[in-house]
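# Analysis of the macromolecular model
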Amino acid sequence: MTVRHWLMKSEPETFSLDHLAQMPKRTTMWDGVRNYQARNMIRDDMRVGDLVFFYHSNCAEPGIVGLCEVARAAYPDPSAFDPSSPYHDPQSDPANPRWYVVDVKLKRRLKRNITLGELKAASPLADMALVRRGNRLSVMPVTADEWDFILSLE
DNA sequence: GCCAACGTTGGC
DNA sequence: GCCAACGTTGGC
């Protein structure tokens, strides 16, 4: 099976790499994704063992900070059904869930933050959605070549 | 189905 | 904190 590659964004004020490192089994349920394009990738395309870059967004130094793997394939996002959750969506019906999660496990921290500025400056990454203007996708695929190139920057 | 208004994302 | 870019909503 071909292992595939992804990038997932998180705001460190909400959930940082440090938070993930402190979770039991260094694994978290990646909840709260409320974008259909991202949902479709989570639900339809992510497989156990796929590799994931952990990206810090909306912070002082946005960039890739960790390397993770998918530890559990898609299942309905329980936060959508929880009225006390900030991610509650009354229109998501347990019988026909609208939103999905995967579990993500930290494999290792990167040796350093590979910053958005560096990624933008690297011509091999010019086609990445991440470096395109106005991009807001919180889950995106990464090609094998992009993956290897990014790791070579470490 | 169009599109203006609105809310959110996320870099700066 | 600002604001451009984008996705969603809802009136028509």
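Given the structure is predicted, the values throughout are model-derived calculations rather than measurements.

Below, the discussion takes up the protein's contact with DNA strand B. Taken together, the residues surrounding DNA strand B are Lys9, Tyr55, Ser57, Asn58, Pro62, Leu116, Lys120, Asn135 and Arg136. The contact atoms of DNA strand B, taken as those within 4 Å of the protein, divide so that sugar and phosphate hold 75%. Taking Asn58, its main chain carries an N or O atom lying 2.8 Å from a phosphate oxygen of DNA strand B. Lys120 places a polar side-chain atom, nitrogen or oxygen, 3.0 Å from a phosphate oxygen of DNA strand B. Each residue belonging to the surface near DNA strand B can be placed in one class, and the counts come to 3 nonpolar, 3 polar and 3 charged.

Attention now goes to the protein's contact with DNA strand C. Around DNA strand C, the surrounding shell consists of Tyr36, Arg133, Gly134 and Arg136. Protein-adjacent atoms of DNA strand C, using a 4 Å cutoff, are sugar or phosphate at a proportion of 62%. Residues of the surface near DNA strand C, tallied by class, amount to 1 nonpolar, 1 polar and 2 charged.

Read from one edge to the other, the open sheet built from 6 strands follows the order β2-β5-β4-β3-β1-β6, with strand pairing classed as mixed. Lying at the two open borders of the sheet, with one neighbouring strand each, are β2 (27-29) and β6 (139-142). With strand direction ignored, the average angle separating the axes of adjacent strands in the sheet is 35°. As paired strands, strand β3 (residues 51-56) and strand β4 (residues 63-76) are joined by 6 bridges and run antiparallel to one another.

About the thresholds
Residues numbered from 1 in each chain as written. Chains lettered and ligands numbered in written order. Predicted model: local features only at pLDDT ≥ 70, side-chain atom pairs only at ≥ 80, totals over all residues. Heavy atoms only, no water. Near = heavy atom within 4 Å. Polar contact = N/O pair within 3.5 Å; in protein donor to acceptor, adjacent residues only side chain to side chain. Nonpolar A, V, L, I, M, F, W, Y, C, P; charged D, E, K, R; others polar. Pairing = 2+ DSSP bridges. Helix = DSSP H or I, 4+ residues; strand = E, 2+ residues; numbered from the N terminus. Axes fitted to C-alpha atoms, helices over the stretch in contact; angles between N-to-C directions.

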